[in-house]
Amino acid sequence: MPRKIIIDTDPGQDDAVAILLALASPDEIEVLGITAVAGNVPLALTQKNARMVCELAGRPDIRVFAGCDRPLAGALVTAEHVHGKTGLDGPALPDPTMPLQDAHAVAFLIETLRAAPEGEVSLCPLGPLTNIATALREAPEIAPKIREIVLMGGAYFEVGNITPTAEFNIFVDPEAASIVFASGVPLTVMPLDVTHNALVTKPRNDAFRAVGTAAGEAVAAMTDFFERYDREKYGSEGAPLHDPCVTAYLIRPGLFRGRHINVEIETEGRFTRGMTVADWWGVSGRAPNATFMGDIDADAFFTLLTDRLGRL
Ligand SMILES: [Ca+2]
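Residues numbered from 1 in each chain as written. Predicted model: local features only at pLDDT ≥ 70, side-chain atom pairs only at ≥ 80, totals over all residues. Heavy atoms only, no water.

Named according to an unreviewed UniProt entry, the chain is Nucleoside hydrolase originating from Rhodovulum visakhapatnamense.

Below, the structure written as structure tokens:
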């Protein structure tokens, strides 16, 4: 039985790859819907980009919903400096023709979870946690219905990418992250500690292009674009592919290793707002609330991803 999931996303080139991997893996993953949130770029672009990616995967039947257009508190911070003006700079993809659903993403989340048996549906947030936190706040009774939240966000040993101590998704909406991390729902977290080891090197990028599908070509073009920024910033050998770690985990959890620990979200720090305070060494005495991943088998991850892109 494939796992039923809702992808909550702010595409973003790496979000696009995560969605493509899910849609290329129907034996393991059934995508019930995609909810868009403001993050890498504003909501008007993320909901549009999500539909473009579904069409690239040949799945215009997937329902895409627009959600929150700003964080719970404060102004929206975006990342055009990383993702380009559209959020999906790189490939030349056509505008989507599939419709945006009428319902708000939060209403879709609440209705779907209310109607589902307990522990059936997993949530996969790939952006700021605004939609998920809003749903949990409006309808706390949905929490026990959620099987697991597998999210990309945070950092501990890699510290931060948007500030010296915060990863982008958590930094954009720390109040939302705080609600999710206190929800009691089983959490699996893919922080920068993992994703900075999932680098698209030149041979890995060549392998995407070589699969010979439109999706492979588009992913190669996206990661080409993405890479310029990371090479300049980190001097690394390639761009980290953050969000696909979430969907890869659903297919092959054994690719990742981590610890079940306490993770708290800093919402007030003078210099550290948005930091994921991860008790990796078990020194706080606070109860564990998340499986915080620390490592990935990167070669096996890229083999899986490349193989699946060839199926689309
Ligand atoms: Ca994202």
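We are not done yet, so read on.
Chemist: What am I meant to see in the overall build of the chain here?
Modeler: Across its full length, the chain holds 12 helices and 12 strands. By the compact-globule yardstick of 20 Å for 312 residues, the chain fits well, its C-alpha radius of gyration being 18 Å. Each of the three principal axes of the chain carries a C-alpha extent, and together these read 50 × 45 × 40 Å. In the chain, the share of contacts with a sequence separation of at least 24, taken over all contacts with a separation of at least 6, comes to 81%. With the model as given, the accessible surface of the chain reaches about 11,900 Å², and the carbon-plus-sulfur share is 52%. Counting 26 positive and 41 negative side-chain charges, the chain places the averaged centre of each group 1 Å from the other. (Helix = DSSP H or I, 4+ residues; strand = E, 2+ residues; numbered from the N terminus. Rg over C-alpha atoms; globule rule 2.2 N^0.38 Å. Contact = heavy atoms within 4.5 Å. Areas by Shrake-Rupley, 256 points an atom, 1.4 Å probe, with all protein chains shown as cover. Lys, Arg positive; Asp, Glu negative; His and termini not counted. Charge placed at Lys NZ, Arg CZ, Asp CG, Glu CD.)

Chemist: In this structure, what is going on with the coordination of the calcium ion? I would like to understand it.
Modeler: Surrounding the calcium ion are the protein donor atoms Asp10 (OD), Asp15 (OD), Asp15 (OD), Leu126 (O) and Asp243 (OD), at 2.2 to 2.5 Å. Of note, the calcium ion draws all its donor residues from one chain, in the sequence arrangement D-x4-D-x110-L-x116-D. Taken together, the positions of aspartate 10 in the loop between strand 1 (3-9) and helix 1 (13-23) and leucine 126 in the loop between strand 4 (121-125) and helix 5 (130-138) put the pair 116 residues apart, joining distant regions of the chain. Overall, the relative accessible area of 0% leaves aspartate 10 in the buried class. According to the relative accessible area criterion, leucine 126 is buried, its value standing at 1%. (Donors = N, O, S within 2.8 Å, 3.2 Å for Na, K, Ca; no water. Buried < 20%, exposed > 50% of the residue type's maximum accessible area, 1.4 Å probe, protein only.)

Chemist: Before we go on, may I ask you to explain the pattern of salt bridges in this structure?
Modeler: Between side chains of opposite charge, a pair can form as their charged atoms come close. Under the counting rule described, the total for this entry stands at 15 salt bridges. Close ionic contact of aspartate 61 with arginine 59 constitutes a salt bridge, the shortest N to O distance being 2.9 Å. Its relative accessible area of 28% is what places arginine 59 among the partly exposed residues. Put simply, lysine 202 and aspartate 206 hold a salt bridge, and the shortest N to O gap is 3.0 Å. Within this pair, lysine 202 and its partner aspartate 206 are both found in helix 9 (residues 202-210), separated by four residues, close to a single helical turn. According to the relative accessible area criterion, lysine 202 is exposed, its value standing at 55%. (Salt bridge = Lys/Arg side-chain N within 4 Å of Asp/Glu carboxyl O.)

Chemist: Can you walk me through the pairing of strand 12 (residues 290-296) in this structure?
Modeler: Pairing of strand 6 (residues 187-190) with strand 12 involves two bridges; the strand directions are parallel. Bridging from a neighbouring strand, valine 189 pairs with phenylalanine 292 of strand 12. Judged from the six bridges that link them, strand 9 (residues 256-261) and strand 12 form a sheet pairing that is antiparallel. Note on strand 12: the bridge partner recorded for arginine 257 is aspartate 295. (Pairing = 2+ DSSP bridges.)

Chemist: How should the side chain of asparagine 289 be read in this particular structure?
Modeler: With respect to the secondary-structure elements, asparagine 289 resides in the loop between strand 11 (276-278) and strand 12. Reaching out from asparagine 289, the side chain makes a polar contact with the backbone oxygen of phenylalanine 181 at a distance of 2.9 Å. Look past the residues within four positions of asparagine 289 in its chain and what remains in contact with it is Phe181, Val185, Leu187, His260, Ile261, Asn262 and Val263. (Polar contact = N/O pair within 3.5 Å; in protein donor to acceptor, adjacent residues only side chain to side chain.)

Chemist: Quick question: what am I supposed to make of the packing of helix 4 (residues 105-115) against helix 5 here?
Modeler: Angle between the axes and distance between the axes are the two parameters that describe a pair of packed helices. Two elements in contact, helix 4 and helix 5, have axes separated by 9 Å at closest approach and are oriented at 55 degrees. On the basis of the axis angle, helix 4 is oblique to helix 5. Considering how the two elements wind past one another, helix 4 and helix 5 form a crossing that is right-handed. Contacts between helix 4 and helix 5 involve Ala105, Val106, Leu109 and Ile110 on the former and, on the latter, Asn131, Ile132, Thr134, Ala135 and Glu138. Counted by class, the contact of helix 4 with helix 5 contains six nonpolar, two polar and one charged residues. (Axes fitted to C-alpha atoms, helices over the stretch in contact; angles between N-to-C directions. Parallel < 35°, antiparallel > 145°, perpendicular 65-115°, else oblique. Left-handed = near helix turned anticlockwise from the far one by under 90°. Nonpolar A, V, L, I, M, F, W, Y, C, P; charged D, E, K, R; others polar.)

Chemist: So what exactly am I meant to see when it comes to the nonpolar core here?
Modeler: A general feature of soluble globular proteins is that nonpolar side chains tend to end up buried together. Residues Val31, Ile34, Phe208, Phe256 and Phe301 are the most contacted members of the largest nonpolar core, which totals 56 residues. Looking at this core element by element, the count peaks at eight residues for helix 1. When residues no more than four places from it in sequence are discounted, the contact partners of phenylalanine 301 are Ala198, Leu241, Pro244, Cys245, Ala248, Leu255 and Ile296. One finds Cys68, Val106, Leu136 and Trp280 within the second-largest nonpolar core, a separate group that totals 39 residues. (Core = buried A, V, L, I, M, F, W, Y, C linked by side-chain atoms within 4.5 Å.)

Chemist: Got a minute to help me understand the environment of proline 42 in this structure?
Modeler: With respect to the secondary-structure elements, proline 42 resides in the loop between strand 2 (29-36) and helix 2 (43-56). Setting aside its immediate chain neighbours within four residues, proline 42 contacts Leu76, Thr78 and Glu80.

Chemist: So what exactly am I meant to see when it comes to helix 11 (residues 244-251) here?
Modeler: The α-helix advances 3.6 residues per turn, and as a result positions three or four apart in sequence lie on the same side. Counting buried residues in helix 11 gives eight out of eight residues, a clear majority hidden from the surface. All of the buried residues along helix 11 are Pro244, Cys245, Val246, Thr247, Ala248, Tyr249, Leu250 and Ile251.

Chemist: Looking at this model, I keep getting lost on the pairing of strand 4. Mind explaining?
Modeler: Along a regular strand, successive side chains alternate from one face of the sheet to the other. Where burial is concerned, most of strand 4 is hidden: five out of the five residues are buried. A two-sided burial pattern is seen for strand 4, the buried positions comprising Val121, Leu123 and Pro125 on one face and Ser122 and Cys124 on the other. As paired elements, strand 1 and strand 4 share five bridges and run parallel to each other. Counterpart to aspartate 8 in the pairing with strand 4 is proline 125. Judged from the two bridges that link them, strand 4 and strand 5 (residues 146-152) form a sheet pairing that is parallel. Looking at the pairing, valine 121 lines up with isoleucine 146 of strand 5.

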